[in-house]
Amino acid sequence: MELRRWSRMAGVAALLPLAACSAPAPSTGVADPMATAALAPGGGVQHRLLPADLVGFRALPAYAEPAWVTRDFVARGRLPPLAERLPRQPLVFGTAAMPDGIGHYGDALRQVTGGRPEGWNTSAGQSQGWGGVDIGTMECLTRTGPLFMVRSDALQPLPNLARGWTWSAGGHQLTMDLIEGARWSDGYPFTSDDVMFFWTDNVLDPQVSPLGGAGPDSFGAGTRLEALGPYTIRWTFRQPFPEDVLYQMAYGKFCPGPAHVLRPRHPRHNPRNSYADYRNAFPAARVNFPVMGAWVVTEYRPDDILIFRRNAYYWKVDAAGQQLPYFDELQYRLLGWNDRDIQVIAGTADLANVEVPGNYVEVLRQAAKPGAPFRIAFGPRGAAYAVLMNLSGNGWGEPDARGQRVRLLNRTLAFRQAVSLAMDRQALATTLVKGPFVLPYAGGILPDTPFYNAAATIQWGHDAARARTLLDGAGIVDSDGDGLRNFPGGGPDIEIVLTASPDTATDRSLAEGVQIFAREIGLRVILRFVGGTQRDAAGSSGQFDWLLTRNNSTELITVVQGADALAPMGPYTHAFHRAGPGGRLDLLPYERDMVAAVQAFQDSRVPDARRAAMARYQAIGTANANTIGLVRFPGALIVNRRIANVPAGLPIFMFNWAEDAIMRERLFVPRSRQGGAELRPGTLPGCFDCRPS
Ligand code: GLA
């Protein structure tokens, strides 16, 4: 059916007169319709808080926990008293972070994910099933999700596992104090040993690729890290004051795993183990894996559910001294991405990022019904899709002869420009959903970011005729007369494999659209749909010609966060251009210029210079069709009405996903509305790896 719909669209596209803007013309800076679209009730983003209004670290006169924990666990000697489980100065949420005030314990937060947990070793790159599963279990040095509430002149990451930091006078060193006396969910102390194990044996180990992609260059080339004591670490940078690294230390680049559990399985410490053994040592079935997050996975039933219970060692409290989280249980039903929206609409789940444009009309219709169990807020920030072309001509991912030829095409300017001109973005948008929801996106930094510069942005219109001329001019012609272009020099028909996710209708529909529009300029694209984890693996191992990707990197939204991902800054960091077996990048001249622009951005603390650097980046990237942008659209957050403490104007994605920005550890259901949702009431996580005594 999808295909039929597409054939119709393509037919229509072919009959339409060619777009007036035949050449890539600089944007006229026309107002962004997404900003004005009638989509933003629930806007009202606060943007007025200081980081210190949200979180601080101090000792409180008294602490409390759910009565059943004290009664059934502490009083029976199954758990040490709360004061012994908390740090001397826990992280305290300020009342500004709690629009509905101090919460009530109990109940379950019911969520849905379309992903599946691969295992718990995120340090070695395993996915826990997305949808906010890992955000619920992982804690990172700093935190960025809630920054959407912070005043722009006071913007800097929130402290988290790093409770504070100071720069040396010259700005080359950053000393961080870690939270002192916090423990993993199995009671084992959290110290700089966990941080150093993550750094040396995971980030720096070329054979390990942690979830979130942290590598040696992610915190600046040549950066060093050392422990000065159990609760102090010191970074040394080549450049002075690289303040953006504080954003890198948030989800998901610096979220250490439990060294006491992981180290014995790492090949450097266990010669019997291979790297694959290490990665796979903690499969999803091995529940109760120690975490620093608010909840611990205690049960896993494949394709059914993940149950999490409260972490009795959690190190965050409310201003009244109540240990968090308020929710005793977190549930993730393992369904499809589409089901996430449907369950919230039906009132059987509590939270969803509506990001499937095909669902928008129905979600709005249902939200307008009196008595709808959920409320909706369309935020200005959402998602964008692009095709990434593999630019490594150096053997990354070990392409075969055909694959290598595709890489050489990808590295040809006229080819990238032609493919961009071939895309009828308006048709792509209409196929996802009718109405003003989805907009064309030609690639580069998104208009939503503070560093977007319209004048520096080359917008790629739809012009198949010009695309054909560009290909002809580059010698990429149909040399055997069968209607398909051949690899230059009389080679076989060009065949390009587009790797995409089958998991959402959006991905499938866009992939089919790309295939059809490429065919219109004589390029044969073969679709390769591979599910979540495999698709990520194909991406990070370089085994793709073209990759269809959403939000191709977080920096497209905020830029300050993850600027290193904007260009190939190091040999192993970039999404579509990495070093081959020789360890050397083969950057194109324009990529070198992009790297220089990003470097200038990162090296400067002067706002005007940073803006100028990003404008340069945008001009170079869009003129060279560095990525083939397709469409972008806003997202809506839908939340069950029983949930309290939801901040106003919460974007589904800005500094991080809504599951982080919403600060789930301090969400709650008022006592009068609680009841019945918990599947394992009265239980706490069991011990991990217990041996029968
Ligand atoms: C997936 C979902 C997003 C969000 C993230 C959180 O990518 O599509 O909406 O839930 O997981 O990790």
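Report follows, based on the coordinates. These figures come from a predicted structure and were not determined experimentally. (Residues numbered from 1 in each chain as written. Predicted model: local features only at pLDDT ≥ 70, side-chain atom pairs only at ≥ 80, totals over all residues. Heavy atoms only, no water.)

## So, the site of the ligand
Close contacts around the ligand come from Trp 130, Gly 131, Gly 132, Tyr 251, Trp 337, Arg 340, Asn 353, Glu 355, Arg 550, Trp 657 and Glu 659, and that covers them all. At a separation of 2.6 Å, an oxygen atom of the ligand approaches a polar side-chain atom of Glu 659. Looking at the shell around the ligand, its residues break down into four nonpolar, three polar and four charged. (Near = heavy atom within 4 Å. Polar contact = N/O pair within 3.5 Å; in protein donor to acceptor, adjacent residues only side chain to side chain. Nonpolar A, V, L, I, M, F, W, Y, C, P; charged D, E, K, R; others polar.)

## Points about the pairing of strand E11 (residues 295-301)
Pairing of E11 with strand E12 (residues 305-310) involves six bridges; the strand directions are antiparallel. Within E12, the residue paired with Glu 299 across the bridge is Ile 307. Remark: three residues form the turn of the hairpin made by E11 and E12, two consecutive strands paired antiparallel; Asp 303 in that turn has positive phi of roughly 55°. (Pairing = 2+ DSSP bridges. Helix = DSSP H or I, 4+ residues; strand = E, 2+ residues; numbered from the N terminus.)

## Digging into the side chain of Asp 318
Within the secondary structure, Asp 318 is located in the loop between strand E13 (316-317) and strand E14 (329-334). One buried charged residue, Asp 318, forms no salt bridge at all, with the nearest opposite charge on Arg 58 at 8.8 Å. A distance of 2.9 Å separates a polar side-chain atom of Asp 318 from the backbone nitrogen of Ala 320. Here the side chain of Asp 318 touches Gln 322 through a polar contact of 2.8 Å, landing on its backbone nitrogen. In this structure, Asp 318 is in contact with Leu 60, Val 92, Phe 93, Met 98, Ile 102, Leu 324 and Tyr 326, ignoring residues within four places of it in sequence. (Buried < 20%, exposed > 50% of the residue type's maximum accessible area, 1.4 Å probe, protein only. Lys, Arg positive; Asp, Glu negative; His and termini not counted. Salt bridge = Lys/Arg side-chain N within 4 Å of Asp/Glu carboxyl O. Contact = heavy atoms within 4.5 Å.)

## Concerning the sheet that holds strand E10 (residues 232-236)
Ordered in space as E7-E8-E10-E9, the four strands form an open sheet in which the pairing is antiparallel. The sheet is open, and its two edges are formed by strand E7 (162-167) and strand E9 (224-229), each paired on a single side. Taken pair by pair, the neighbouring strands of this sheet meet at an average axis angle of 25°, ignoring direction. Along the sheet face, helix H7 (residues 192-203) touches strand E8 (173-178), E9 and E10 and points at about 160° away from the line of E9. (Axes fitted to C-alpha atoms, helices over the stretch in contact; angles between N-to-C directions.)

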